[in-house]
Amino acid sequence: MADRMWFRVEDVLPLAEHALACPTHRLTRAQVAAGERNGPALTLSRTGTSGVLRSNGIPAWHTAQGEEQAARSISWRPSRASSAEAQESVYLSLGQPGSGQRRLIDVLRAGRALECLWLAITADTSPGMALDVTCVRVLDRREDIAPPGVRWHPLMVTSPQVANRSYPALVADGYTTDAGGLICRFDPGTARLIAADLDGPWRLGTMPGEYPLLRFDGDTLTLLEEHDTGDDTALDVDDRCYPDPDGYYSVGAYRWLWHTDATTPMPLRTRIRLSVTALAARARESAAERRQPRQAPPANVECLF
């Protein structure tokens, strides 16, 4: 679903807890338009595919630099500048569940407890409507890696998170992450090579947390971050990758800053193999589009919890 906005649960949950802890809450236009009563909530400011979540609690929560605390969505952006898009504001109540529904704050807390790291919000609402928990999903991995119908091309890429080693990848053409990084997909052999390289003996000369780790659990690739507890080194799950229809892994998508390595040539056989995979995926998507009805009914977005 291309209309979903993706946030990290670790960024959103503190804002939700702040809103619940505050004695009073500010009134927003989105709340008035939706006819919602005053209470703890998150406000979503959406511009195109990007969104910003804030707490409506008073007193407001500010950073050390004096800016209001916010959680920003993590998405792709066209490489070329696009025209300005209209901004809309949406209201998400935290403590007022609908009939037979859980509170949004309970969904966020359950996500943290179960190591579900990504929050997906479908904000496709009519004017004057508020979002509820049915428009939210908490998942253990990020979907919607790139826009539908995007074209992929082979490229050698590198990242500071892999100690600037180079790897062949399929890269989304015409799109980058919010941070300006490439959106990459790696074949299973390359994904396992990245995991092995990150676990090499050279790590003995690095600080805990300086570089991530990758671990395979069956077909699932887990991204781990080290941190020093003082007595030992602990590992936290930072993300998970599942193979896509081509069996490829979006290693570090929207978490690592991948960029082009123009100094390392790609072997010809590898380039041909990646190009064939990209063409096959394009043909499969085109065939699926032809099979779909012209006016498909909108899919229901169900909450995970």
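Look up a bit, the structure's there.
Predicted, not measured: the structure shown is a model, and the values here were computed from it.

Student: Even after reading the chapter, I still don't get the overall build of the protein, so can you show me in this structure?
Tutor: In terms of regular secondary structure, the protein is built from five helices and 17 strands. With 305 residues in all, the protein has 42% of them scored as buried. Excluding contacts between residues fewer than 6 apart, the proportion of contacts in the protein whose partners are at least 24 apart in sequence is 65%. Counting every atom, the protein has about 16,100 Å² of accessible surface; 51% of that belongs to carbon and sulfur.

Student: Looking at this structure, how should I read unusual backbone geometry?
Tutor: Negative phi values dominate among residues other than glycine, just as trans dominates among peptide bonds. With an omega dihedral of 5°, the bond running from Ile58 to Pro59 counts as a cis peptide bond. In this structure, Asn164 is a non-glycine residue whose phi angle is positive, near 65°. The residue Asn164 is located in the loop between β11 (152-158) and β12 (166-177) in this model. For Asn164, a relative accessible area of 51% gives the class exposed. Look at Tyr254: it is not a glycine, yet its phi comes out positive at around 65°. Take Tyr254: it is sitting in the loop between β16 (233-241) and β17 (259-260).

Student: Help me out: how do you make sense of the pattern of salt bridges in this one?
Tutor: A side chain of one charge can pair with a side chain of the opposite charge if their charged atoms are brought near each other. One pass over the full model with this rule turns up 20 salt bridges. Across the pair Arg255 and Asp238 runs a salt bridge, and its minimum N-O distance is 2.9 Å. With Arg255 in the loop between β16 and β17 and Asp238 in strand β16, this residue pair connects regions lying 17 residues apart in the sequence. Taking relative accessible area as the criterion, Arg255 reaches 27% and is therefore assigned partly exposed. The structure contains a network of salt bridges with shared partners spanning Arg4, Asp140, Arg141, Glu143 and Asp144.

Student: Please clarify how the sheet that holds β16 should be interpreted in this entry.
Tutor: Taken in spatial order, the three strands of this open sheet run β14-β15-β16, and their pairing is antiparallel. Edge positions in the sheet fall to β14 (213-217) and β16, since each has one partner strand and no second. Direction aside, neighbouring strands of the sheet carry axes that sit 35° apart on average. Where strand β15 (residues 220-228) and β16 come together, eight bridges link them in antiparallel fashion. Bridge pairing links Leu224 to Val237 in β16. Here helix α4 (residues 188-198) sits on the sheet and contacts β14 and β15; the angle it forms with β14, its principal contact strand, is near 130°.

Student: What should I look at first to understand the environment of Tyr254 in this one?
Tutor: Exposure remark for Tyr254: the relative accessible area of 10% places this residue in the buried category. Setting aside chain neighbours within four positions, we find Tyr254 in contact with Ile74, Ser75, Trp76, Trp118, Arg142, Ile145, Thr177 and Ile183. Within the local environment of Tyr254, its side chain forms a polar contact with the backbone oxygen of Ile145, the two atoms lying 2.6 Å apart.

Reading the values: rules and limits
Residues numbered from 1 in each chain as written. Predicted model: local features only at pLDDT ≥ 70, side-chain atom pairs only at ≥ 80, totals over all residues. Heavy atoms only, no water. Helix = DSSP H or I, 4+ residues; strand = E, 2+ residues; numbered from the N terminus. Buried < 20%, exposed > 50% of the residue type's maximum accessible area, 1.4 Å probe, protein only. Contact = heavy atoms within 4.5 Å. Areas by Shrake-Rupley, 256 points an atom, 1.4 Å probe, with all protein chains shown as cover. Salt bridge = Lys/Arg side-chain N within 4 Å of Asp/Glu carboxyl O. Pairing = 2+ DSSP bridges. Axes fitted to C-alpha atoms, helices over the stretch in contact; angles between N-to-C directions. Polar contact = N/O pair within 3.5 Å; in protein donor to acceptor, adjacent residues only side chain to side chain.

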